[in-house]
Amino acid sequence: MTISEALYGITTIGIRDGGHPVLRTAADLLSQETGAEIEVVPDPAAMTGHAGTFLVFDSPTDLPSIEGLSEAMREGGEGVWLTLRENGSGLVAPTDDRFLYGFMARLLRHAGESPLADIERGRFFPAAFSWNRTAYDFFLNQEGRIQQGLDRESYIERLASSGFTHLEVNGLAAPTGLETGPPGEIYPMFYTYCPALDQFTSSRLNTGLYPEEWLAANLARLKENARLVRSYGLVPGLLCFEPRSVPDEFFTKYPMLRGARVDHPFRSFKPRYNMTITHPLVREHYAEMLQNLLNEVPDLGFISIWTNDSGAGFEYTKSLYVGRNGGAYLIREWKDDEEIARAAGENALTFLRTLRDAGRDLNPGFRVITRLESFYGEHDTIWEGVEEGIDVETTSLVGRGWEMPYTHPRYPDSRSINGGTVYQLSFDEREKDLMADLAERSSRPHFYFAAGPNSMFAPLLGVPYPRLTWQRLHLLHREGVRNLAHMGGTCPPDIVPFNINHEVVSLFQFDPDLDPEVEIARISSEWAGDDRGETLREAWKLTEEAILAFPNITPLYSTFGFVWYRLWARPFVPDIEAIPLSERAYYQEWMCTTPHNPNNVDLSRDVLFELMTPEQCERDLERIDTNLWGPLDSAITLLEGIRGKAGNRGGEGDGSDVDGDVTDVIEDQYVRISALRCWFETQRNVAAWVAGVYGYMKAKEQGDDGGMSTSVSLLGEMIDREIANSHRLLGLLDSGIEFMATTDLEETQLIHGRNLDELLRKRIALMEAHREDEPFIDPDYIERQAGREIPTGWRP
């Protein structure tokens, strides 16, 4: 007898009165599958073993004596106990509510054909990860919260069913923030994500600084997110950039509470300051705001603090964009760097402890988490001061600052990988020693993991790489990692109905020893039928081979920078500035840039960063052309050969879109993998542009006619390829498959609108018109543009 057959013997689902909301949610899920009636019973434990009665518990203290569960809990185990018998009797009981819904969803979706004997006498399913927390949840709270077609409840259900345990809930109610700036300044856009505490509530110190209706709308959204999160048994929390700048009006009233200048002097056109957290009144202000939110949402379980970017920063820390600076009270001027670093680190720790203690006054389990990267100048002080209730999240405990201690899995001479993604496939033994050091102080390391949106392949959605997802999870779990900071969250199921990566995440959470090949084969057959499922699996495997072959030219363009700098809208031509500004405005006014940012005319630069060198681009161009196209084109050809052929259809939510039409999994995956090919092609052509333009200018300077001719040929081929790529993209946009993040509300510099087809046609026309221009980049572009007035009509 299978588990699925026994489940249909359930006639009554018993839950206790007054239990956690997840009891009803989990019972509803089981009822929808089995048709059993839900009954609220006064003493569920007394009904254990009744034929047809399956009990759902939310609190181990209410359980009947179960030897296996008690033993697991005594040993500190976390997970779920399940018993099911032939007569439909049984029970499910989590050690913590955050595990219940994910386990039930996994049971119903993936374990039905397993033999009942596996669980008939009861079995404890340990959770692979104690925390599987969203970190920068793209769709729920960040720039993707205005995604076309987003339904927050179905999105949160997808997170819960994937085995997530902790979710950020603080996102702005409006598409953008309240921050304003001078004409041409892009900086206000950086306030639309990771909103600070003062965007939801006020304290006695800053009352009236922000409009009440603004705070009320944001708080209402936060509370509704928390309600939905709670209904699935998960733990709500916060992700904030702090200490963030405040409007100048505050310092008119309190000039002696001015703290650090925290803006970026290239990207901003006016200085921005935060409050000095050295002053006790400001620390009280932060404690009061946090407690205000806990009074509204008592089960807030954590706050993650990101800093020293996007208008936030700690006083006198080294990584502040304008250098060490701050208010009047931390340290006297002209001290040496070591003494300043120690004082700055202790000041930051005092702030983190203030938040922890304020949170624990109302929720004893409250934890504060921070990133280590921004504290590279104060690393030792911060590390030594981390203690119980203060955790760290990171790509690596071994690395300092933003350095990447790991190499690309295919190209060991390159460290150009995005932390936490499936390109980080090794684990330094020194990590374990540092993990143990934190554990001795009751602090927890949260390691980044990413198999969803934004952290790789942005703005694409649903790129499939199930085996690589399993490989990264297996690596972390094998090495003792128990807390994940899951970058980006997941993809909305109404937009990405076949999310194979997060099916793997769901399976792994309660069975880390699973055979990935068996499970991937089962899912692909369920979605596509046996014959097409085999082809689908092979296409996934080939896609993963292509993914590993990608040298990741620059991490910026692999994530948010692809959208920031509108790589699918701007024309790749030999001399970008030869196009009149008025003809570039259709895309440049939506770039996350300033009039003097060299990225406007040079794909290898961003402010003062050199993103890539011509030599690196030549190397990466060869690697892409040699290693990537073969497997990827084979994957697409395989799927093309079975498009439209009969087979099973389904997936989560039956693969139905919002109009009720059924999306075929093969068509869906064909479009998404084809979109990935377009994305790789554009990355390839960025490298060709840099190699060709810089190669031409160098050859011209040296009088090398042959070198100039070679570069012109490279650029000509690049333009031909990118024009063809744009036409392929136009075809995919007509497919009806939502393969990328877009908004139907207010387009911003951080997310595309619904008009990419119009922009692509303009892009093609400009590339055709300017393909013969002489390659050129003005080396004095920054200084020349900085000495001019802001161009008329510059949108930001």
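Now for a look at the structure at hand.

Thresholds applied
- Residues numbered from 1 in each chain as written.
- Predicted model: local features only at pLDDT ≥ 70, side-chain atom pairs only at ≥ 80, totals over all residues.
- Heavy atoms only, no water.
- Helix = DSSP H or I, 4+ residues; strand = E, 2+ residues; numbered from the N terminus.
- Expected span 1.5 Å × (residues − 1).
- Buried < 20%, exposed > 50% of the residue type's maximum accessible area, 1.4 Å probe, protein only.
- Contact = heavy atoms within 4.5 Å.
- Salt bridge = Lys/Arg side-chain N within 4 Å of Asp/Glu carboxyl O.
- Axes fitted to C-alpha atoms, helices over the stretch in contact; angles between N-to-C directions.
- Parallel < 35°, antiparallel > 145°, perpendicular 65-115°, else oblique.
- Nonpolar A, V, L, I, M, F, W, Y, C, P; charged D, E, K, R; others polar.
- Phe/Tyr/Trp six-rings, centres within 6.5 Å; stacked < 30°, edge-to-face > 60°.

Considerations on helix H23 (residues 756-770)
Part 1 of the argument: Between its first and last C-alpha atoms H23 spans 21 Å; for 15 residues at 1.5 Å apiece the expected length is 21 Å, and the two agree.
Part 2 of the argument: Those residues of H23 lying buried are Leu 756, Leu 759, Leu 760, Arg 763, Ile 764, Leu 766, Met 767 and His 770.
Part 3 of the argument: On its buried face, H23 sits against helix H18 (581-588) and helix H22 (705-733).

Focus on the pattern of salt bridges
Between side chains of opposite charge, a pair can form when the charged atoms approach closely.
Part 1 of the argument: Tallied over the full model, the rule gives 58 salt bridges.
Part 2 of the argument: Across the pair Asp 263 and Arg 261 runs a salt bridge whose closest N-O atoms are separated by 2.7 Å.
Part 3 of the argument: Given a relative accessible area of 23%, Arg 261 falls into the partly exposed group.
Part 4 of the argument: Asp 413 is the partner of Arg 623 in a salt bridge, and the nearest nitrogen-oxygen pair spans 2.9 Å. Here Arg 623 is found in helix H19 (residues 614-627), whereas its partner Asp 413 is found in the loop between strand S14 (390-394) and helix H11 (430-440), with 210 residues between them in sequence.

Description of unusual backbone geometry
Part 1 of the argument: Note that the residue after Glu 242, namely Pro 243, is joined by a cis bond; omega there is -15°.
Part 2 of the argument: When you line up the elements, Pro 243 lands in the loop between strand S9 (235-241) and helix H7 (248-253).
Part 3 of the argument: Omega for the bond connecting Ala 458 with Pro 459 falls within 30 degrees of zero, at 5°, which places this linkage in the cis form.
Part 4 of the argument: Phi is positive for Trp 334, close to 70°, though the residue is something other than glycine.
Part 5 of the argument: Tracing the chain through its elements places Trp 334 in the loop between strand S12 (302-306) and helix H9 (337-362).

Let's talk about the packing of helix H2 (residues 21-34) against helix H4 (residues 100-110)
Part 1 of the argument: The N-to-C vectors of H2 and H4 enclose an angle of 10°; their axes lie 9 Å apart at closest approach. Considered as vectors, H2 and H4 are oriented roughly parallel to each other. Taken together, the residues of H4 that come into contact with H2 (itself represented by Val 22, Leu 23, Thr 25, Ala 26, Leu 29, Leu 30 and Glu 33) are Leu 100, Tyr 101, Met 104, Ala 105 and Leu 108.
Part 2 of the argument: A breakdown of the residues in the contact of H2 with H4 according to their chemical character gives ten nonpolar, one polar and one charged.

Details of the packing of aromatic side chains
Part 1 of the argument: If you walk through the whole model with that rule in mind, you get 34 aromatic pairs.
Part 2 of the argument: Between Tyr 136 and Trp 306, the ring centres sit 5.7 Å apart and the planes meet at 5°, which makes this aromatic pair stacked. With Tyr 136 in strand S7 (residues 131-137) and Trp 306 in strand S12, this residue pair connects regions lying 170 residues apart in the sequence. Comparing Tyr 136 with Trp 306, the two get one shared label, buried.

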